[in-house]
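Residue-level listing of the chains:
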Number of protein chains: 10
Amino acid sequence: MNRAELTELIVANRRRRKLTWAEIATAVGRSKESVTAGCLGQMSFDEAEAAVLVGLLDLPADAAGLLTDPPYRGSLPTDVPSDPLIYRFYELISVYGTTFKELIQEEFGDGIMSAIDFSMNLEREPHPAGDRVHITMSGKFLPYRRY
Amino acid sequence: MNRAELTELIVANRRRRKLTWAEIATAVGRSKESVTAGCLGQMSFDEAEAAVLVGLLDLPADAAGLLTDPPYRGSLPTDVPSDPLIYRFYELISVYGTTFKELIQEEFGDGIMSAIDFSMNLEREPHPAGDRVHITMSGKFLPYRRY
Amino acid sequence: MNRAELTELIVANRRRRKLTWAEIATAVGRSKESVTAGCLGQMSFDEAEAAVLVGLLDLPADAAGLLTDPPYRGSLPTDVPSDPLIYRFYELISVYGTTFKELIQEEFGDGIMSAIDFSMNLEREPHPAGDRVHITMSGKFLPYRRY
Amino acid sequence: MNRAELTELIVANRRRRKLTWAEIATAVGRSKESVTAGCLGQMSFDEAEAAVLVGLLDLPADAAGLLTDPPYRGSLPTDVPSDPLIYRFYELISVYGTTFKELIQEEFGDGIMSAIDFSMNLEREPHPAGDRVHITMSGKFLPYRRY
Amino acid sequence: MNRAELTELIVANRRRRKLTWAEIATAVGRSKESVTAGCLGQMSFDEAEAAVLVGLLDLPADAAGLLTDPPYRGSLPTDVPSDPLIYRFYELISVYGTTFKELIQEEFGDGIMSAIDFSMNLEREPHPAGDRVHITMSGKFLPYRRY
Amino acid sequence: MNRAELTELIVANRRRRKLTWAEIATAVGRSKESVTAGCLGQMSFDEAEAAVLVGLLDLPADAAGLLTDPPYRGSLPTDVPSDPLIYRFYELISVYGTTFKELIQEEFGDGIMSAIDFSMNLEREPHPAGDRVHITMSGKFLPYRRY
Amino acid sequence: MNRAELTELIVANRRRRKLTWAEIATAVGRSKESVTAGCLGQMSFDEAEAAVLVGLLDLPADAAGLLTDPPYRGSLPTDVPSDPLIYRFYELISVYGTTFKELIQEEFGDGIMSAIDFSMNLEREPHPAGDRVHITMSGKFLPYRRY
Amino acid sequence: MNRAELTELIVANRRRRKLTWAEIATAVGRSKESVTAGCLGQMSFDEAEAAVLVGLLDLPADAAGLLTDPPYRGSLPTDVPSDPLIYRFYELISVYGTTFKELIQEEFGDGIMSAIDFSMNLEREPHPAGDRVHITMSGKFLPYRRY
Amino acid sequence: MNRAELTELIVANRRRRKLTWAEIATAVGRSKESVTAGCLGQMSFDEAEAAVLVGLLDLPADAAGLLTDPPYRGSLPTDVPSDPLIYRFYELISVYGTTFKELIQEEFGDGIMSAIDFSMNLEREPHPAGDRVHITMSGKFLPYRRY
Amino acid sequence: MNRAELTELIVANRRRRKLTWAEIATAVGRSKESVTAGCLGQMSFDEAEAAVLVGLLDLPADAAGLLTDPPYRGSLPTDVPSDPLIYRFYELISVYGTTFKELIQEEFGDGIMSAIDFSMNLEREPHPAGDRVHITMSGKFLPYRRY
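Residues numbered from 1 in each chain as written. Chains lettered and ligands numbered in written order. Predicted model: local features only at pLDDT ≥ 70, side-chain atom pairs only at ≥ 80, totals over all residues. Heavy atoms only, no water.

Looking at an unreviewed UniProt entry, one finds chain A named Cyanate hydratase, with Frankia umida as its source organism. A UniProt comment under Catalytic activity (unreviewed entry) is attached to chain A, and it reads "cyanate + hydrogencarbonate + 3 H(+) = NH4(+) + 2 CO2". (UniProt positions renumbered as here; feature names shortened; annotations may be inferred.)

A few words on the overall build of chain A. Scanning chain A for helices and strands turns up six helices and two strands. Seen in sequence order, chain A has helices and strands lined up from the N terminus as α-α-α-α-α-α-β-β. Once the C-alpha set of chain A is aligned to its principal axes, its extents read approximately 50 × 50 × 30 Å. Split into buried and exposed, the 147 residues of chain A put 62% on the buried side. Long-range contacts, defined as pairs at least 24 residues apart, comprise 52% of the intrachain contacts of chain A with a sequence gap of at least 6. Looking at chain A as shown, the accessible area adds up to about 5200 Å², and 54% of this sits on carbon and sulfur atoms. Mean positive and mean negative side-chain charge positions of chain A (16 and 21 charges, respectively) differ by 2 Å. (Helix = DSSP H or I, 4+ residues; strand = E, 2+ residues; numbered from the N terminus. Buried < 20%, exposed > 50% of the residue type's maximum accessible area, 1.4 Å probe, protein only. Contact = heavy atoms within 4.5 Å. Areas by Shrake-Rupley, 256 points an atom, 1.4 Å probe, with all protein chains shown as cover. Lys, Arg positive; Asp, Glu negative; His and termini not counted. Charge placed at Lys NZ, Arg CZ, Asp CG, Glu CD.)

This part takes up the UniProt feature "active site" (unreviewed entry) in chain A. Annotation from UniProt places "active site" (unreviewed entry) at A:Arg88, A:Glu91 and A:Ser114. Residue placement: A:Arg88 occurs in helix α6 (residues 84-108). With a relative accessible area of 1%, A:Arg88 lands in the buried category. Other than its neighbours up to four places away in sequence, A:Arg88 contacts B:Ile112, B:Met113, B:Ala115, C:Ile116, D:Arg88 and D:Glu91. Residue contacts for A:Glu91: discarding those within four places in its chain leaves B:Ala115, B:Ile116, C:Tyr144, D:Pro84 and D:Arg88.

Of the transformation placing chain B onto chain A, the axial shift is 0.0 Å and the rotation is 180 degrees, giving an RMSD of 0.0 Å. Interpreted geometrically, this transformation is the action of a two-fold axis. Nearest to the rotation axis, the C-alpha of B:Thr136 is located 2.3 Å from it, this being the minimum over chain B. A symmetric contact is evident, with 100% of the interface residues of chain B recurring at the interface of chain A. (Least-squares fit on C-alpha atoms with pLDDT ≥ 70 in both.)

Time to look at the sheet that holds strand β1 (residues 111-125) of chain C. Taken in spatial order, the four strands of this open sheet run β1(C)-β2(C)-β2(D)-β1(D), and their pairing is antiparallel. Of all strands in the sheet, those bounded by a partner on one side alone are β1 of chain C together with β1 (111-125) of chain D. Along the sheet, successive strands turn relative to each other by an average axial angle of 20 degrees, direction set aside. In this structure, β1(C) lies alongside strand β2 (residues 132-143) of chain C, joined through 11 bridges in antiparallel fashion. (Pairing = 2+ DSSP bridges. Axes fitted to C-alpha atoms, helices over the stretch in contact; angles between N-to-C directions.)

With that out of the way, let us pick up a negative patch on the surface. Taken together, the side chains of A:Glu5, A:Glu8, C:Glu5, C:Glu8, E:Glu5, E:Glu8, G:Glu5, G:Glu8, I:Glu5 and I:Glu8 make up a negatively charged region of the molecular surface. Where the negative patch is concerned, the elements lending two or more residues are α1 (3-17) of chain A, α1 (3-16) of chain C, α1 (3-17) of chain E, α1 (3-17) of chain G together with α1 (3-17) of chain I. Using a relative accessible area of 47% as the deciding quantity, one classes A:Glu8 as partly exposed. (Patch = residues over 30% accessible without salt bridge, like charges linked within 9 Å, V, L, I, M, F, W, Y side chains within 5 Å. Salt bridge = Lys/Arg side-chain N within 4 Å of Asp/Glu carboxyl O.)

Superposing chain E onto chain H requires a rotation of 180 degrees together with a translation of 0.0 Å along the rotation axis, leaving an RMSD of 0.0 Å. Taken together, the interface assignments show that 100% of the residues at the interface of chain E recur at the interface of chain H, consistent with an identical surface on both copies.

Mapped onto the elements of the fold, H:Glu91 is located in helix α6 (residues 84-108). Once you skip the residues sitting within four places of it in the chain, H:Glu91 turns out to touch E:Pro84, E:Arg88, F:Tyr144, G:Ala115 and G:Ile116.

What follows concerns the arrangement of the chains. No part of chain A reaches chain F; the closest C-alpha pair between them is 18 Å apart. Considering only C-alpha positions, the minimal separation of the non-contacting chain B and chain H is 16 Å.

Looking now at the packing of helix α3 (residues 32-39) of chain C against helix α6 (residues 84-108) of chain D. Relative orientation of the contacting elements α3(C) and α6(D) amounts to 115 degrees, with a least axis distance of 9 Å. Between α3(C) and α6(D) the crossing geometry is right-handed. Between α3(C) and α6(D), the contacting residues are C:Lys32, C:Glu33, C:Thr36 and C:Ala37 on the first element and D:Tyr96, D:Thr99, D:Glu102 and D:Leu103 on the second. A class-by-class count of the residues in the contact of α3(C) with α6(D) yields three nonpolar, two polar and three charged. (Left-handed = near helix turned anticlockwise from the far one by under 90°. Nonpolar A, V, L, I, M, F, W, Y, C, P; charged D, E, K, R; others polar.)

Turning to the interface of chain E and chain H, a few remarks are in order. Counting residues at the interface gives nine residues for chain E, matched by nine residues for chain H. Carbon and sulfur atoms supply 47% of the area buried between chain E and chain H, which totals about 630 Å² over both sides. It is E:Tyr87, E:Arg88 and E:Glu91 that lose the most area in chain E upon contact with chain H, and together they represent 56% of the buried surface on that side. Across the chain E-chain H interface, the total number found is two salt bridges. For E:Glu91, the salt bridge is made with H:Arg88, and the minimal N-O distance between the two is 2.6 Å. For the pair chain E and chain H, the number of links is two residue pairs in polar contact (both at pLDDT 80 or more). Considered class by class, the residues forming the side of chain E that touches chain H number five nonpolar, two polar and two charged. (Buried area = accessible area lost by both parts, 1.4 Å probe. Polar contact = N/O pair within 3.5 Å; in protein donor to acceptor, adjacent residues only side chain to side chain.)

Here we come to the pairing of strand β2 (residues 132-143) of chain I. In terms of burial, β2(I) is a largely internal element, 11 of the 12 residues being buried. Sheet topology places β2(I) next to strand β2 (residues 132-143) of chain J; nine bridges connect them, and they run antiparallel. Its bridge partner being in β2(J), I:Arg132 is matched across the sheet by J:Lys140.

As structure tokens, then:
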């Protein structure tokens, strides 16, 4: 079993056991964002967390080793994602990418927002004209090193 | 003069006049995120806003028409962006794209977060271990129409 | 079984049972356009609809869960489709894409036609010089949010 | 002057003279869809139509020859369009492409919808929950020749 | 069994039974060009023709349904074909593509040669300096519709 | 002036002087297919032919050298051509490429049809249901050398 | 078994039987260059040669038919080869491609070097500073046909 | 003037002065292969060689600096070359790439043929059935370093 | 079993046996950098080293032959790597590639750093603000051969 | 003047003034690696450093603003670099990319080596068998944030 096969198994067993990602995250004891990403093969777990997942999702014994190993990340099968929900995020970069760059640099100087020392939170924002998806991202600013 | 040439002119004149994007946004009277995107050729302005920009940035007369026309959007010269700051956002989609999909659908059902009925806010988040970039996004949830 | 395997099974069983897409749509109780898209892995069904499909097409029990989950959409194996029938639609965008943009913006202002709050209808248009394919599309106009 | 340069000139002069595409189409005497496509370098005009355009849009003398020559068609700079409005049409093919194929073949047999013997009409569809873009397409069905 | 697997089976059984494409075409009663294309998954057959193929090539029962369904066409695994024989045809388009366009339009006006209402014939042309491949193509001219 | 600029000049002057490709070919004394290809930068001319073209199309003196040099061939700006007329030829290779291979090898053995020792003829084929484009190609068969 | 699977089998059995390509070529009675290419699925064999290979490499009975059929050629999985040894040859074309073109045309006129009527020889060239790979290529010059 | 512009100038002046590449190479005092490659922007010259070229080809003074700087190499505008003459070399790698790998490794062990410590010679090989292009390549074998 | 399957097996058995790459390298008797690369299918081993690996990692008998054969190298599934750790190295080339070129040529003249006669060392560099990855590379300079 | 034009000017003036990158770096007071990268448009300078460069390289007044602005980074015109010297570094990632990942994670856990908090040093390593390029890289390890 490789990591991609384990992801398929996790997804199938979650569906069969009718577990939500939020419930899985609560059992693991981390945020729903990082646990979902980990279950989908994008983040690693420590041994205790992996043991919870193996039990909760009825995974085979060698799954624990795969869950604690850092995965080969990247969940897009193509450079430009084809799924409409995921594409909208790509479109935001296409439209706002240069704006991100200008405003971060105006505020912080030359550097980047880390995608590693990073967390995020996704929740429902009630709104009379239709509820909204509310996403908060927080990434450490890293200045280019001068030498 | 086409829109790309106007963008180069805006960037050059902003540098020469030593204006920040925040100052330009204040003069225009909209958020710094949408004004920066508009100056970089990704959003349109109404006639009054365009007139402010023409004066503030010393633009030629026919710039106003270009600023009020909806632009052909898309600020990435390649499918995978090469600038490290912009790439980090692409990496977030690569790593978290399937997580976005699972969590939005878990909360809202089958649909997407709009990238059109959308706003965002980018600011500095002070932190003892190094300040962080804090981004808030809000997009209307659109369910797939059943018919 | 994943969603792609289920699609192959649906296509094979439909052929064996000699069902038309229109007959399947009638049984499900939605339009033939959305039901065909759903059977081909591009739209989701509610539980009652899924139950109808499982019975009608002789699908295994775990198919119902796959049919109600929002699928990872995108039915083109390449950016430019190679099948001549599907390519003609791509060619229409290649030739008329900028026309769509100009005319929608002339009528509505800056925004897009939604591909989510969207429906369509495809039917035969009799014509003495050879019958024609008649397609009607209706998508909600979404203006760019100003903020 | 080549055709791409002429298109830029037409777009600039239309803006300066504050003409809508509908007004230009009325002057030319054809539908707004085909006239807009022609002005944007995707359709050809006959000599009388070209003469109208040269006068109306203040074009140089050699523009008439370019407008009557069949153009090298294709208005997308990339395989996957980056402009959000145009992308939504690409997404419709990505999601509904196989549905188009199944339903056209179910109704007509093996063949395609012509993108050459083709016309379309784009108009506003009033709706209490927000007006909609309504597009009607009509293309001749062409059966594969048996030999 | 899907269509690609059926194609592999047809190719293997043809080799084992030592049938030429010309012999298969004679048995089916159509040209060798369209029968070969059909066997390779690019054209469809009617039910009587499919029955002949099933018997002649020792195919399983469900092959007939696959042979009468219009296939998803496109036999090139890459945009630019790598097989030298097939590449030479691609090279002809690369070198002569603009010539095709100019000469067809000079003779017929604005339009295309149909690849659907199309037939072709491929035969040996004896020549003292080495025999030649002689190909005749005939496609209906389709003028762009004016509207 | 490089070869691409010369091609643009030839096309513009041909339009201004209202010459057909057939008339130019008659003046040069070769087929309209090879002369059109040569004018469009895909074939070379001898010095006498180049002199005819320079006079007929009002070209500058250094054009003759460019016309007699073998050009860097390839007239497609993208791997998959976007112009509908040229695309139809690409589609023919996509659909019939494997058929070309099977039938040429069935007739001749292992080898290719030359695209260098090659000629073609394109003409109108009158037909009651609409005239047809008739193309004849003749390329020398080249067997793979055994060693 | 298809041709790619046969190639894997040939490679595995050659390793197990500890045969060199030169030994296989001697047994077959052709050059090591063409025999290696043929074993790797890039050249065809006659029936006697195929019989030798079937015996020598312990291949199944239907391998002979695959070995005598002209293969679908092309041994690179990507346009730009990733293996360093093969890449160096690609680099030579990248660096010397235009030089090949200029020098062949200076010597022979407008045409190409055939890759079909072609042979080559690869051997060790002893050298005090380190032995060298010595490759000799010989391809027939083919002039463009004038017509 | 950058290197690409200098290459265009060299090509144009060579044509005007009717110099062959062999004559230029003789004047410079190196092989015609390396001098042609250098003139086309793929190899560097020493100062004396550059001075010869500046005089012979009537180049401006700052050309000498560009000719002695190592150039940014790579003469193919696309990954797969479109010019038929250059493509044939690409095809040889596509067909023989794995053969090169197997035979070099059989003779030398694990390593590569250098494309840097490399020379080649291209000449006419007279032949009764049509003269041939004869190319000799010699590249140092470099074994992978073990550590 | 092919090389890719062997790599998966090595990775799985290493995890199961809880061996570090450093421990494997010690057992083999070469650096951890070259042994890890070899286990991942990028370097070859001699027979004694292969025997150690077969024992240590519980590999089947025919693994030894695969481990001593030079592999088809290249460990990136896409041109631009998607895994964030590997991407950072790609980014370094994107940002510093031209700097590498200028500084190596300034020091050594026209040539390259060999990636074949090459070794490297990767270790932890303790640092109060957070430990650092310290990489040392050493590749032989190869001057372009003049001829 | 944009940043790309400024880079061309810097390169040309450096050549004319016969300055080495090391001399420029000494004048600026930073390492030759970061100064060369900055001059080539990949790093930014502070105002004092920019003033030195403007004087030393005879740049126009508005160059200072461009040199202090963070540039849009990325110096490769194609995903896979074509210049042989730069390609060798790409090849190292292709061959050693998975090794970097395994060894960094074995030593540090799940995370990356920063390409922002990064420095490097490139120097000549004398060696009896030919001098070597010696590169030292140091990047901060960044662990994935758990949340």
